[in-house]
Amino acid sequence: MNFLEEKILTDGVVKPGNVLKIDNFLNHQIDIGIIRQIANELKRRFLPAEVNKVLTIEASGIAIATMLANLYDVPVVFAKKSETVSNTDEKYIAQAYSFTHKRMNDVFVSRPYLKNTDKVLIVDDFLADGQAAHALIDIVRQAGGEVVGIGVAVEKGQQMGGALLRQEGYKLESIAIIEEMDYKTQAIRFRQ
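Residues numbered from 1 in each chain as written. Predicted model: local features only at pLDDT ≥ 70, side-chain atom pairs only at ≥ 80, totals over all residues. Heavy atoms only, no water.

1. Focus: the side chain of Glu41
So, point 1. In this structure, Glu41 sits in helix α2 (residues 32-46).
So, point 2. Accessibility expressed as a relative area gives 17% for Glu41, which makes it buried.
So, point 3. Here Arg44 takes part through its side chain, which lies 2.5 Å from a polar atom of the side chain of Glu41.
So, point 4. Not counting the four nearest positions on each side in its chain, Glu41 is found in contact with Phe3 and Ile175. (Helix = DSSP H or I, 4+ residues; strand = E, 2+ residues; numbered from the N terminus. Buried < 20%, exposed > 50% of the residue type's maximum accessible area, 1.4 Å probe, protein only. Polar contact = N/O pair within 3.5 Å; in protein donor to acceptor, adjacent residues only side chain to side chain. Contact = heavy atoms within 4.5 Å.)

2. Observations regarding the side chain of Asn105
So, point 1. As for its placement among the helices and strands, Asn105 is situated in strand β6 (residues 103-110).
So, point 2. With residues up to four places along the chain from it excluded, the contact list for Asn105 reads Lys81, Ala94, Gln95, Ala96 and Ser98.

3. As for α2
So, point 1. The terminal C-alpha atoms of α2 lie 21 Å apart, and with 15 residues this matches the ideal 21 Å at 1.5 Å per residue to within 8%.
So, point 2. Along α2, the residues classified as buried are Ile34, Ile35, Ile38, Ala39, Glu41, Leu42, Arg45 and Phe46. Seen along its axis, α2 keeps its buried residues to an arc of 165 degrees; they face one direction.
So, point 3. Of the surrounding elements, those touching the buried residues of α2 are α1 (3-11), α3 (62-72), β7 (119-127), β8 (146-156) and β9 (172-182).
So, point 4. For α2, the side-chain oxygen to backbone nitrogen distance between the N-cap and Gly33 is 3.0 Å, and the N-cap itself is Asp31. (Expected span 1.5 Å × (residues − 1). Arc of directions from axis to C-beta.)

4. Let's talk about α3
So, point 1. For α3, every residue scored as buried is listed here: Ala63, Ile64, Ala65, Met67, Leu68, Ala69 and Tyr72.
So, point 2. Those residues of α3 hidden inside the fold are in contact with α2, β3 (53-57), β4 (76-79), β7 and β8.
So, point 3. Where α3 terminates, the next one or two residues include Asp73, which has phi positive at roughly 60 degrees.

5. Points about the sheet that holds β3
So, point 1. Strand order in the open sheet formed by six strands is β4-β3-β7-β8-β9-β10, with mixed pairing between adjacent strands. Each end of this open sheet is capped by a strand with a single partner; those strands are β4 and β10 (187-190). Here the average twist between neighbouring strands, direction ignored, is 25 degrees.
So, point 2. Across four bridges, β9 lies against β10 in antiparallel orientation. If you follow Glu180 over to β10, its bridge partner there is Arg189.
So, point 3. Each of β3, β4, β7 and β8 touches α3; the most contacted strand, β7, lies at about 145 degrees to it.
So, point 4. Contacting β3, β4, β7 and β8, helix α4 (residues 131-143) runs over the sheet at an angle of about 165 degrees to β7. (Pairing = 2+ DSSP bridges. Axes fitted to C-alpha atoms, helices over the stretch in contact; angles between N-to-C directions.)

That is the geometry; function is a separate question.
So, in structure tokens, the structure goes:
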């Protein structure tokens with residue numbers, strides 16, 4: 001059992017509807033020590049891949065992406081979900097259904113921040129159905145860049161996102177892969 005699986009068993013709460021609540025350390029309150037360990041482990045798993053951008057989607061992936069980009073000494077780019085008055089650049093746009101929020105989002109990255117020479121490592125906190133990852137892949141493709149891999153803290157193995165991405169040929173690394181969760185017993189079983 002790895003550090004993240006242990007932390008999930010200690011602090012995680014299974015909610016109805018196949019929801020794992022770990023916002024006390026991953027995506028509401030952030031435990032920097034755990035994020036540092038996730039970033040170090042992801043970098044180790046993607047060696048020796050050349051990476052010159054780390055890409056995520058707002059907001060929960062930003063902490064992991066920032067810590068990982070620091071290790072690579074490269075910029076973090078994050079896809080935004082909403083327009084602002086200051087964002088007047090042309091954009092790469094894709095659609096992603098949010099499992100957490102139960103809605104479709106247009107996500108975008110301003111064109112100046114992704115180029116056809118970029119070797120991009122996509123990072124997120126959770127992977128469920130793979131919608132966010134596919135939207136980010138689409139954005140990298142629109143820019144003409146290369147996806148060198150996808151790194152995820154927690155993959156819901158009982159959902160199809162991870163299997164689809166692997167079938168499509170992407171190098172996908174998940175620190176913890178959950179096979180089963182039971183709301184009534186609060187049991188969580190990880191993939192070996």
